[in-house]
Amino acid sequence: MPHHAPELRHRALSLLRAGTTNAEVGRRLNIPAGTISYWKHMDRAGRGECDAAMRAVFPDNSVCRVRRAGCSNLKVYSKHLACLFPQHGLGKKHERKITLAAWQQEVVDRYPWQFVRGLIHSDGCRNMNWTTRIVNGERKRYEYPRYFFTNVSDDIRQLCTDTLDKLGVEWKHCTRNGRPYSISVARRASVVLMDAHVGPKC
């Protein structure tokens, strides 16, 4: 399947979630029908995973879905949400300390790839980068895949890079527009590892 920019996939999914048919989305964005169908299937599978996870954690609470333009909000009400997310607090998360509780760190240590996958799929992406290099005296374009994780919180980026270190994934800080908020994984062996365990967003 050919590579498409993440922005194009997001646009297609927004149209699909709004009720536009596969064929019409394909025509508007000039994307093959098979690709549109695959994206729609993966989007539904991802939402089903989220539903199942919330129902597993809150078996006695109702989980409901509220449709919004281009997305759906999944909601659950429980007095125990603060127990599961002790990092919750007033104000912006990047302006307060974010650390894992001991039991949360044990879960991350047991399931590090799932933790990284969640981080990338919420605040990151897999895309194609390009550069040029001289080959036999001629400048040629060279494309390669890489992963990005972007978060304003220093603590959350540290949680990401600490886990990548434990998994043997090489990464670099990537400053974009003067903001050092991104982590880049571009080494071929590390991208192969990420592809095996993380993959692009559904």
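A short tour of the structure in this document, coming up. Source: prediction; values computed, not measured.

**Some details on the pattern of salt bridges**
Okay, step 1: Tallied over the entire structure, the rule returns ten salt bridges.
Okay, step 2: Note that Arg157 and Asp154 form a salt bridge whose closest N and O atoms lie 2.6 Å from each other. Taken together, the residues span about one helical turn, with Arg157 and Asp154 both in helix 7 (residues 154-167) at a distance of three residues.
Okay, step 3: Given a relative accessible area of 9%, Arg157 falls into the buried group.

**Some details on the packing of aromatic side chains**
Okay, step 1: Per the counting criterion, the structure on display carries one aromatic pair.
Okay, step 2: Note that Arg133 overlies the ring of Tyr142, its terminal NZ or CZ placed 4.3 Å from the centroid.
Okay, step 3: In this structure, Arg141 is placed above the aromatic ring of Trp130, and the distance from its NZ or CZ to the ring centre is 4.3 Å.

**Thoughts on the nonpolar core**
Nonpolar side chains in soluble globular proteins generally cluster together in the buried interior.
Okay, step 1: Among the nonpolar cores identified, the biggest contains 20 residues, and Leu164 and Met194 are the most heavily contacted of them.
Okay, step 2: Those elements that provide at least two residues to this core are helix 6 (112-123), strand 4 (138-150), helix 7, strand 6 (179-185) and helix 8 (188-197).
Okay, step 3: Residue contacts for Leu164: discarding those within four places in its chain leaves Val116, Val169, Trp171, Ile183, Val185 and Met194.
Okay, step 4: By size, the runner-up hydrophobic cluster in this structure holds nine residues, among which are Leu13, Leu16, Val25 and Trp39.

**Some thoughts on the sheet that holds strand 5 (residues 172-176)**
Okay, step 1: The four strands are arranged 3-4-6-5 in an open sheet whose pairing can be described as antiparallel. Either end of the sheet is taken by a strand with one partner, and the two such strands are strand 3 (124-135) and strand 5. The mean angle between the axes of side-by-side strands here comes to 45°, regardless of whether they run parallel or antiparallel.
Okay, step 2: Pairing between strand 4 and strand 6: four bridges, direction antiparallel. When the bridges of strand 6 are listed, Phe149 appears paired with Ile183.
Okay, step 3: Across the face of the sheet, helix 6 comes into contact with strand 3 and strand 4 while running at roughly 110° to strand 4.
Okay, step 4: Packed on one face of the sheet, helix 7 meets strand 4 and strand 6 and runs near 20° to strand 6.

Definitions and limits used
Within each chain, residue numbers correspond to sequence positions counted from 1 in written order. Reporting in this predicted model follows two pLDDT cut-offs: at least 70 for local features of residues, and 80 or more for side-chain atom pairs to be given and counted; totals over whole chains, interfaces and linings ignore these cut-offs and use all residues. In computing side-chain properties, one takes all heavy atoms of the structure into account and sets aside hydrogens as well as water. For this document, the term salt bridge refers to a Lys or Arg side-chain nitrogen within 4 Å of an Asp or Glu carboxyl oxygen. Helix and strand assignments follow DSSP, with helices taken as H or I runs no shorter than four residues and strands as E runs no shorter than two, numbered in order from the N terminus. Exposure is judged per residue with a 1.4 Å probe applied to protein chains only, and the accessible area is read against the type maximum: over 50% gives exposed, under 20% gives buried, and values in between give partly exposed. When two rings of Phe, Tyr or Trp (its six-membered ring) have centres within 6.5 Å they constitute a pair, described as stacked for plane angles under 30 degrees, edge-to-face for angles over 60, and tilted for the intermediate range. Two limits define a charge over a ring: the Lys NZ or Arg CZ must be within 6 Å of the ring centre, and within 35 degrees of the ring normal. Residues belong to one nonpolar core when they are buried, are Ala, Val, Leu, Ile, Met, Phe, Trp, Tyr or Cys, and are joined through side-chain atoms within 4.5 Å. Here a residue-residue contact requires only that any non-hydrogen atoms of the pair lie within 4.5 Å. At least two bridges found by DSSP between two strands is the condition for calling them paired. For every element, the axis is a line fit to its C-alpha atoms; helices are fit only across the contacting stretch, and the angle between N-to-C directions ranges from 0 to 180 degrees.

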